[in-house]
Amino acid sequence: MKAEFMVNDVKYVVEVEPNERLSDVLRRKLGFVSVKEGCGVGDCGLCIVLLDGKPVNSCLMLAYQASGHRITTVEGMGDGTRLHPLQQAFIDVGAVQCGFCIPAALLVLKHLHDTKPDADREEVRHALRSVLCRCGSYIRFEEAFKQVSRR
Amino acid sequence: MSMQGYLGIPRIEVMIPSSVEEALNLLQTHPDAEILAAGTHIITQLTLGAKRTRKYIDINNLHHLRKISHHKGVATVGSLVTHQELASTLINHVPAFTTFLQKYSSPAVANRATVGGSIMLRSAGEDLIPILLTLDAELSFATPEGVKNVPLTAFLAGGFGGRGLLQTISFKLNGSCFFDKLWMGVSRIPLISVAVSSEGDNGVRVAVSHKDGSTPGRVATVEKFLSTHVLSEEVVEKASRLMMDSINPESDVLASSWYRRRVAGVLLKRLLQNLRR
Amino acid sequence: MSEEIARRFREILEAREFLIVGKKVARVDALDAVLGKPLYTADLVSGKTLYVKAVRSKIPHGYIRKIDTSPAASRQGIVKVLTHRDIPGVNDAGSLISDRPLLAYEKVRHIGEAVALVVGESLEAAEEAADHVEVDYDPLPVVTNPRDAMKPGAPRIQDRDNIVTHFKIRKGDVEKGFKESDVVIERTYRTQFITGLPLETEIAYSFLEEGGRITCIVSTQNLYDVYNKVVKILGVPGEKLRVIQAATGGGFGPKSDETPIDVAAYACLATYFTGKPALAAFSRSEAMTVQCKRHPFEITNMVGARNDGKLLAWRSTLIEDTGAYISKGHLVIGRATFHCTGPYEVPNVWADGYCVLTNNTMAGSTRGFGAPQAHFAAEMVLNELAEELGLSPLEIREINMLRPGSLTATSQKIEDDGLLKCYQRAVEASEWEKRVREIREFNRANKVLKKGIGIAMLYHGNTLGPEGDDFATVITYVERDGKVVVQTGLTEYGTGALTSLAIVTAETLGLPLSMVKLERPDTAAVPNAGPTVASRTTVIGGQAALDAALKIRATVAQVAAKMLSANPADLEFRDGLVKANGRTVTWNEVVNQCFEENISLRVVGYYIAPPTKWDPETGQGAPYNQYTYGALVAEVTVDTETGVVKVDRLTAAYDVGRAINPLGLVAVYEGGSIMGQGYALMEKIVHDDGVVINPNLHTYVIPTASDTPDEIRSIIVEVKGSMGVFGAKAMGEIPVVLPAASIAAAVANATGIYIRELPLTPQRVLEELHKSRQ
Ligand SMILES: Cc1cc2nc3c(=O)[nH]c(=O)nc-3n(C[C@H](O)[C@H](O)[C@H](O)COP(=O)(O)OP(=O)(O)OC[C@H]3O[C@@H](n4cnc5c(N)ncnc54)[C@H](O)[C@@H]3O)c2cc1C
Ligand code: FES
Ligand code: FES
C-alpha cells in the first residue's frame, strides 16, 4: 500500500505493508529514531507523535492510516536553527535523565503550549499522563512548561 | 538507512470500503474479517499475540461516520467520532464528559479511540458506556438485512448478535448527568466507574462499569429505589448501600470484588450528593 | 616530579573555591536528548538483521523431559534453533554466582526461563516459530513462599539448600537489653516484588567485523560484566568480542544484573553461528517477567526501650525471597541486615538475615539494594514503639539517631553529623509543628478525608563496601583542538553521573565544561572500571577522573611553566588559561606546544577505595567507608471511604557530602521520590503459584504525572565524606529508600493504623480501615 503524509513539513510517499505501524515506518523507513517504543500497547506513550498537531500513540496506528495527515516529531520542533523554547527549558531545569521519554514528553507539552499556553498545573499533569517517565522527571517537565508560559 | 523496531504486529490483510454497502458486502463475503476503526484495541491485541483475526475491514473512509450533531436535546454521533471530539463538543450539554476527559487514563489515546470501538468492546474499561447507559443511548447498525436500531442496554445484554456496522449512537443530552471513576496509573481498566443522570421526577439513572463481572450495566434496584424516594441525605446513604449489594463485579489483579462493590457505593453517594446540590 | 605536582594541584583545588563544581550547569548530554538524537541500541541497527527470540518455560518448576526443535527449525524464515547443547562455551549467565544457565537444561526453576533460542529472518517468523519448539516437562511441586522453602524437606530449587545465606549481626547482649527495657514490641512487616522497569527493555545488537571479531551493542549498566560473560558463553578468546554500551534508557539496577547478559549472549550466539547481524530484545511482558526484581522481604523486628525512649535492644529476622536464582540476593541480604536498625544507635543487636530460593522469578539488583525494605521495617517499628511510649515520631528519633561518636549496629563509629543536619533541615523546611496543628484542625473538620504527616530517616553505607572491589578507571586524553575526552567503562543510563566526571575534569583543568567530551564505553577502548552500581560513579569514578585530570594538569603544567618561565606548581588554571606571575598562555597554546614536543596527553586515572573490614560471624566491623544520610517528611491525604492515598508534599533532605552537580541532584531527588512512591502505594508484581500475572503496564501500575506530589522540596546538605571525590557521597539510589517508610508513617498518622505490608493500594488501605472499624 502507499502512504502519503507530511513529517515535519516534508512530504513523504512510502510503500508500506498493512501491518506496519506508524511507529515502524517512522523509525525504520524514515529514520525518525526519536520515536521510541516502550510497550507497543498504548501504555507508555514513548511513541507519541503529533498528528495534525495532536498527540497520538504511533504504536497504536497503522502507517497507511496516517495518509493525508501532518506528523510532527521532536526532530521538527525547533525552527531548524534555534531550539523550541520548551527544549531550551528542558535543558535549563535539568529535566533530562535517561532521555528515553524526552521526545514524547516534549511533544505532548508542545501541543498543550500551542493550544493552552497558560495551562495550570493539573492540566499540565493531565497532558503528561500520556507519557510515562520512569526516571520521574515529571516535576521538571512541569517546571519547564511554567518557565515557557511565563515568557 | 533502515532502522529497526523490536515489536511489531503479524501480517494482516486490510480492505478499505468506501461505502456502507461495500462494507456490508465485505462483511458477508469475508466471515473471518473484523471491522477496524481506529485500531487502538485491535492493534494492542495483535501486539500482545492475543488476537487470531488476520483480516480487517477498515471503515475509516466512511467519512459520514465522523459526524456529530444534536437536535432538540438528542445527540447523534457517528461511530468514528473520537472520544476527544465527542466529549469536547458536548461538554456544555453533559457535565459527565468533563470528568470523562479529566479521568482518561492516557489522554493521547482519546485523540484516536472511537465511540463505536468503545461500544463494541462492551467492557468495563470503556468509560463511555456507563455514561451513555444513563442517557438512554440507542445504537443504529447497518446490516445486510437493513438498518437495526438497538438500545445500548439491550446490546449489552446480548440483544444484537449479528454482524453489522455500527453507524451512529444517539442519546439524550442531559445537563445533570455526572460521572466519576477511580483508576490507577495508566490502567485502562478502572477500579470502578459510575455514572448517574437525573430524570427529574422520573428518578435517577444509575450505571456502573462492573455490573456483572467486567460488563457495564444499569443498576435497576438502585434506580427503582431512587424513583420512589426524594434525594435526602438518608436516601443517598441507603442508595449507596443498595449499590454495594446490587452489583457483582469481578476480582482481578487490580482490585477485588469486595473493593469494587464498596467504592461503587461511595462514588454513587458522591454523585448523588452532587445531584442534590 | 609530575606526581608531586599533581599532589600539589590537588591541594590547591581543594583549598580554593570551585569554579564549576556545585554550580548549576546543564548535563553534557542534555542538548542531544531534547533533540531526540541519542542513539539507543535499536536506533543503531542498520540493514538486514536476524531476530532472536527465546522459548520460555510455561511452568514454574519441572524437569525438562524433551526439547524438540525440529517443528520450529523447519519453518520458513528460521535460520537456526539453539538449545543448551549448542552453546559453544560455558552455559552460564549468572553474573557473580554461576547458578543460572543461559539456556535451561534438566530443569526449569521459574516461569519464563529460557529453554531455547529461535533465530529468524523476521521478528514475526522467530516469534511464531518459538511457539513451535516442543518442550515436555515433568512438573515438580512449586514453592513460592520462602517460609515454606526454608522448612526441612521442602522441595529443592537448586542442587543446594534453599537457604543461600544466613547473615548475622551480634552486638552486645540482646536478652539483657530486652530485660532492661520498659517496653518491648514485636511486629512483622512485608514488602512486595516490584520491577525496576527501565522504559527501554533489554536489547542487544551484534554483528561480525572484518577479522572475525563480534561487536555487540547493548543497553547495560555493566559493560565488562556483559563482556566477561559473553566471552565465556561463546568460548572465544577475549579479542574476538567487543562490547559497546549504546545510550541506555534507564537502569535502576536490572540493567546491571543478569538480563543484559542474556540478550547480549542471544544476539552474539546468532552472529557466531550465522556470521550475520542479529538483534535480541525483550518485549515488555518478557522484561516484566524475567528482568530481576526487588526482593520481597518479611522482616520481624522486636525492639525494646526504656520509658525515656532510649533503645536498648533490637532483634531482626529478615527473610528475603531471591526467586529461583541468587543473582545478587546474597549481597542484598547483607546490606538489608547491616541496615536493619535504621540510622539509630542500639547497644544490643541480634539480627539474622536469610536469602532464600523459591520458584518465583529472580530478584536481584534494584535501586536501593535491600535498603528500602530494611528502612521500611525499621522506621515503622520505631513509630509503633514511639506510640507505645507516648513519644512523638520526632522525639524518638532525636533520642536515638546516629550522631558523631555513635556506634552503628556493626559497632562502626560515626564520625560526622550528617544525619542530624538532614533531620533538622527536613523538620524545619516541612514546618513540622505548624503542619501538625493544621492537620489536627483539618481532621477535626473532615470526616472522610484525613491528613497525616510522617518522617523517616536513613543511613546508607556507601558504594560496594563488602559487595565487591570498589575501584574505577578513567582514560582521559587531550585532542589537538584542546578538547578533553573522558572515557570510562562506567556507564551513563540516566543518573547524570558521567556529567559529574566531566565536571571534575573541567574543574581540575580550569576549562569550561563544553571543552570536555564523553566517549561511549567500549571494551575495545577502556579497561574494566568495575560495575556502575551502588551509586558509585560520582564518588569512586569521580576520584579516578580527578586522578586522570591531575595527571594531565601536571604534564601540561611542566610545558606551560617553560613557556611562562615559572614554577609548574605555581600555575593557575582558569577559564581556559594558564597563568603565572601576571603572564598568560591559553590552554590551546600549551596543548599545541605539547603536541609539538611529542608529549603525550593521554593518561589512565585510577582509584580504589580503602578495603572495608567486618567479621562475618558477628557482622561487627566497618563494612562501609562512609555513609550518606537523609530524612524525608511526607504529608498525605487519605480518602477513608475509598482508601486512596494522595501524597501532598515530600520534604527531602539528603547529605550528599558535596554537590558536584546540583541541577542533576534535583532530578535524582524528585525522580527517586516518585519511584519510591510507586513502591509505597501501587506497584506489585503478582506471582500466582509462580506465574507472573501482571507483566504489563496496565495491570502493573507505576506513577504518572498525576500521581506526583503537589510539591517535592529538595534540600541539599553537604557534610564532606572521607572517600568520595571532593567529599561527595553516594546519591543515585538514596531517594527511593524512604518514601515507603515515610508515606506509611503519614498514613498511620492520618488514620491511626499501621499498615505493615506494602504497597498501600486503595484496596489494602480500605480493608485495613474496615478491619479496624469492626
Ligand atoms: C492505553 C489505553 C488507555 C485507554 N484508556 C481509556 C480510558 O481511560 N477510558 C476509556 O473509556 N477508554 C480507554 N481506552 C479504551 C479505548 O476506549 C478503546 O480501545 C477504543 O475506544 C476502541 O476504539 P477503536 O476505534 O480504537 O477500536 P478498534 O480497536 O478499531 O476496534 C475495537 C472493536 O470494535 C469493533 N468495531 C469498531 N468500530 C466498529 C463499528 N463501527 N461497527 C462495528 N464494530 C466496530 C472492532 O471490530 C473491534 O472488535 C484506552 C485504550 C488504551 C489502549
Ligand atoms: S510504545 Fe508504549 S505507547 Fe506506544
Ligand atoms: S528521562 Fe528516563 S524515562 Fe524519562
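Keep in mind the model is a prediction, meaning the values are calculated, not measured. (Residues numbered from 1 in each chain as written. Chains lettered and ligands numbered in written order. Predicted model: local features only at pLDDT ≥ 70, side-chain atom pairs only at ≥ 80, totals over all residues. Heavy atoms only, no water.)

Colleague: What exactly am I supposed to notice about the overall build of chain A here?
Modeller: Looking only at helices and strands, chain A features five helices and five strands. Starting at the N terminus, the α and β elements of chain A follow one another as β-β-α-β-β-β-α-α-α-α. The C-alpha radius of gyration of chain A comes to 15 Å, within 12% of the 15 Å expected for a compact globule of 151 residues. Taking the principal axes of the C-alpha coordinates as reference, chain A spans close to 45 × 30 × 25 Å. Residues classed as buried in chain A amount to 68% of the 151 residues present. In chain A, the proportion of contacts linking residues at least 24 apart, taken out of those at least 6 apart, comes to 53%. A total accessible area of about 4800 Å² is found for chain A, and carbon and sulfur atoms account for 48% of it. (Helix = DSSP H or I, 4+ residues; strand = E, 2+ residues; numbered from the N terminus. Rg over C-alpha atoms; globule rule 2.2 N^0.38 Å. Buried < 20%, exposed > 50% of the residue type's maximum accessible area, 1.4 Å probe, protein only. Contact = heavy atoms within 4.5 Å. Areas by Shrake-Rupley, 256 points an atom, 1.4 Å probe, with all protein chains shown as cover.)

Colleague: So what exactly am I meant to see when it comes to the domain arrangement of chain A here?
Modeller: Size of an interface, as often reported, equals the accessible area lost when the parts are brought together. Residues and elements named next belong to chain A. According to the domain assignment, chain A consists of domain 1 (2–76) and domain 2 (85–149). Using only C-alpha atoms to locate each centre, domain 1 and domain 2 end up separated by 21 Å. On the side of domain 2, 13 residues touch domain 1, which itself brings 16 residues to the contact. Considering only the surface of domain 1 that becomes buried against domain 2, Leu46, Ile48 and Val74 emerge as the three largest contributors, covering 40% of it. (Domains from an automatic or database assignment. Buried area = accessible area lost by both parts, 1.4 Å probe.)

Colleague: For this particular structure, what's the right way to read the environment of proline 237 of chain C?
Modeller: Residue and element names in this part refer to chain C. Position of proline 237 among the secondary structure elements: in the loop between α7 (223–234) and β12 (241–245). Note on proline 237: relative accessible area 43%, which makes it partly exposed. Sequence separation between proline 237 and histidine 460 is 223 residues; the distance between their C-alpha atoms is 40 Å.

Colleague: So what exactly am I meant to see when it comes to the pattern of salt bridges here?
Modeller: If charged atoms from side chains of opposite charge come close, those side chains can pair. Per the stated rule, a full pass over the model turns up 85 salt bridges over all chains. When the shortest N-O distance is used, the salt bridge between glutamate 124 of chain C and arginine 11 of chain B registers 3.5 Å. Residue glutamate 124 of chain C is found in helix α4 (residues 123–130), and its partner arginine 11 of chain B is found in the segment before β1 (13–15); the two belong to separate chains. Put simply, arginine 315 of chain C and glutamate 175 of chain C hold a salt bridge, and the shortest N to O gap is 2.7 Å. Of this pair, arginine 315 of chain C sits in strand β16 (residues 311–323) while glutamate 175 of chain C is found in helix α6 (residues 174–180), placing the two residues 140 residues apart along the sequence. For arginine 315 of chain C, a relative accessible area of 22% translates into the label partly exposed. Here glutamate 175 of chain C falls in the partly exposed class, since its relative accessible area comes to 43%. (Salt bridge = Lys/Arg side-chain N within 4 Å of Asp/Glu carboxyl O.)

Colleague: Would you explain unusual backbone geometry in this entry?
Modeller: Among all residues save glycine, negative phi is the norm, and among peptide bonds the norm is trans. The residue after leucine 758 of chain C, namely proline 759 of chain C, is reached through a cis peptide bond having omega -5 degrees. Of note, proline 759 of chain C is situated in the loop between α19 (739–751) and α20 (762–773). Not every positive phi belongs to a glycine, and aspartate 52 of chain A is a case in point at roughly 50 degrees. Note that aspartate 52 of chain A resides in the loop between β3 (48–51) and β4 (54–57). Positive phi values are uncommon outside glycine, yet phenylalanine 726 of chain C reaches one of about 50 degrees. Here phenylalanine 726 of chain C lies in the loop between β32 (711–717) and α19.

Colleague: Just to check I follow, could you spell out the interface of chain C and chain B for this structure?
Modeller: Facing the 39 residues of chain C at the interface are 28 residues of chain B. Together, the buried faces of chain C and chain B total about 2700 Å²; carbon and sulfur atoms form 63% of this surface. On the chain C side of the interface with chain B, the three residues burying the most area are Glu641, His698 and Gln763 of chain C, jointly 21% of the side's total. The interface formed by chain C and chain B holds four salt bridges in total. Across the salt bridge formed by arginine 270 of chain B and glutamate 641 of chain C, the nearest N and O atoms sit 2.9 Å from each other. Where chain C touches chain B, the interface holds seven residue pairs in polar contact (both at pLDDT 80 or more). Going through the elements one at a time, α4, β13 (278–281) and α20 of chain C are the ones with two or more residues in the side of chain C that touches chain B. Counting residues per element, the side of chain C that touches chain B draws most heavily on α20 of chain C, which supplies five residues. Looking at the side of chain C that touches chain B, its residues break down into 19 nonpolar, 13 polar and seven charged. (Polar contact = N/O pair within 3.5 Å; in protein donor to acceptor, adjacent residues only side chain to side chain. Nonpolar A, V, L, I, M, F, W, Y, C, P; charged D, E, K, R; others polar.)

Colleague: Where do I start with the nonpolar core in this structure?
Modeller: Ranked by size, the top nonpolar core spans 178 residues in total, and within it Phe90, Leu109 and Phe141 of chain A together with Leu385 and Tyr654 of chain C carry the most contacts. Among the elements that take part in this core, helix α11 (residues 371–389) of chain C stands out by supplying 11 residues, more than any other. Residues in contact with tyrosine 654 of chain C, not counting those within four places in the same chain, are Cys422, Leu458, Tyr629, Gly630, Leu632, Tyr669, Ile715, Ile716, Val717, Met731, Ile734 and Pro735 of chain C. If you look at the next biggest cluster of nonpolar residues, it comprises 70 residues, including Leu62 of chain A together with Ile12, Val81 and Leu173 of chain B. (Core = buried A, V, L, I, M, F, W, Y, C linked by side-chain atoms within 4.5 Å.)

Colleague: Sorry, what's going on with the site of ligand 1 here?
Modeller: As a matter of local geometry, ligand 1 sits amid 35 residues, with Ile35, Gly39, Thr40, Thr114 and Glu126 of chain B nearest to it. At the site occupied by ligand 1, nearby residues are drawn from chains A and B. Here threonine 40 of chain B contributes a side-chain N or O atom positioned 2.6 Å from an oxygen atom of ligand 1. Measuring from an oxygen atom of ligand 1, one finds a side-chain N or O atom of glutamate 126 of chain B at 2.7 Å. Contact with the protein chains covers 96% of the free accessible surface of ligand 1, which is 970 Å². Within the residue set of the shell around ligand 1, elements represented by two or more residues are β2 (33–36), α2 (40–47), α6 (115–121) and β8 (165–172) of chain B. It is α6 of chain B that contributes the most residues to the shell around ligand 1, five residues altogether. Within the shell around ligand 1, the residues separate by chemical class into 16 nonpolar, 13 polar and six charged. (Near = heavy atom within 4 Å.)

Colleague: Is there a simple way to think about the domain arrangement of chain C in this case?
Modeller: Residue and element names in this part refer to chain C. Here chain C is partitioned into domain 1 (2–38 + 471–608), domain 2 (39–368) and domain 3 (401–461 + 625–774). A combined buried area of about 3400 Å² lies between domain 2 and domain 3, and 61% of that area is made up of carbon and sulfur atoms. Interface area lost by domain 2 to domain 3 is led by Gln192, Pro343 and Arg367, which between them contribute 21%. Taken together, the links from domain 2 to domain 3 amount to zero salt bridges.

Colleague: How should helix α2 (residues 85–93) of chain A be read in this particular structure?
Modeller: Three- or four-residue spacings in an α-helix give side chains the same orientation, since the helix completes a turn every 3.6 residues. Among the residues making up α2 of chain A, those that are buried are Leu86, Gln87, Ala89, Phe90, Ile91 and Val93 of chain A. Taken together, the buried residues of α2 of chain A touch α3 (102–115) and α5 (138–150) of chain A together with α2 (30–34) and α18 (662–681) of chain C. Remark: glycine 94 of chain A follows α2 of chain A within two positions and exhibits a positive phi of approximately 75 degrees.

Colleague: Explain a nonpolar patch on the surface to me, please; I cannot follow it from the model alone.
Modeller: Taken together, the side chains of Val253 of chain B together with Val691 and Ile693 of chain C make up a nonpolar region of the molecular surface, amounting to roughly 190 Å² of accessible area. Relative to the helices and strands, isoleucine 693 of chain C resides in the loop between β31 (691–692) and β32. (Patch = residues over 30% accessible without salt bridge, like charges linked within 9 Å, V, L, I, M, F, W, Y side chains within 5 Å.)

Colleague: Sorry if this is basic, but what is going on with the interface of chain A and chain C here?
Modeller: Each side of the interface is counted separately: chain A has 42 residues, and chain C has 47 residues. In total, chain A and chain C occlude about 3600 Å² of area from one another, counting both sides; carbon and sulfur atoms represent 61% of this. Counting every contact that joins chain A to chain C gives five salt bridges. Between glutamate 683 of chain C and arginine 134 of chain A there is a salt bridge, and its shortest N-O distance comes to 2.8 Å. Between chain A and chain C we count 19 residue pairs in polar contact (both at pLDDT 80 or more) in total.

Colleague: Explain the confidence of the model for chain C here, please?
Modeller: Residues at a pLDDT of 70 or more form 100% of chain C, whose mean pLDDT is 96. Our summary of model confidence lists the complex with pTM equal to 0.97 and ipTM equal to 0.97. (pLDDT = per-residue confidence, 0-100.)

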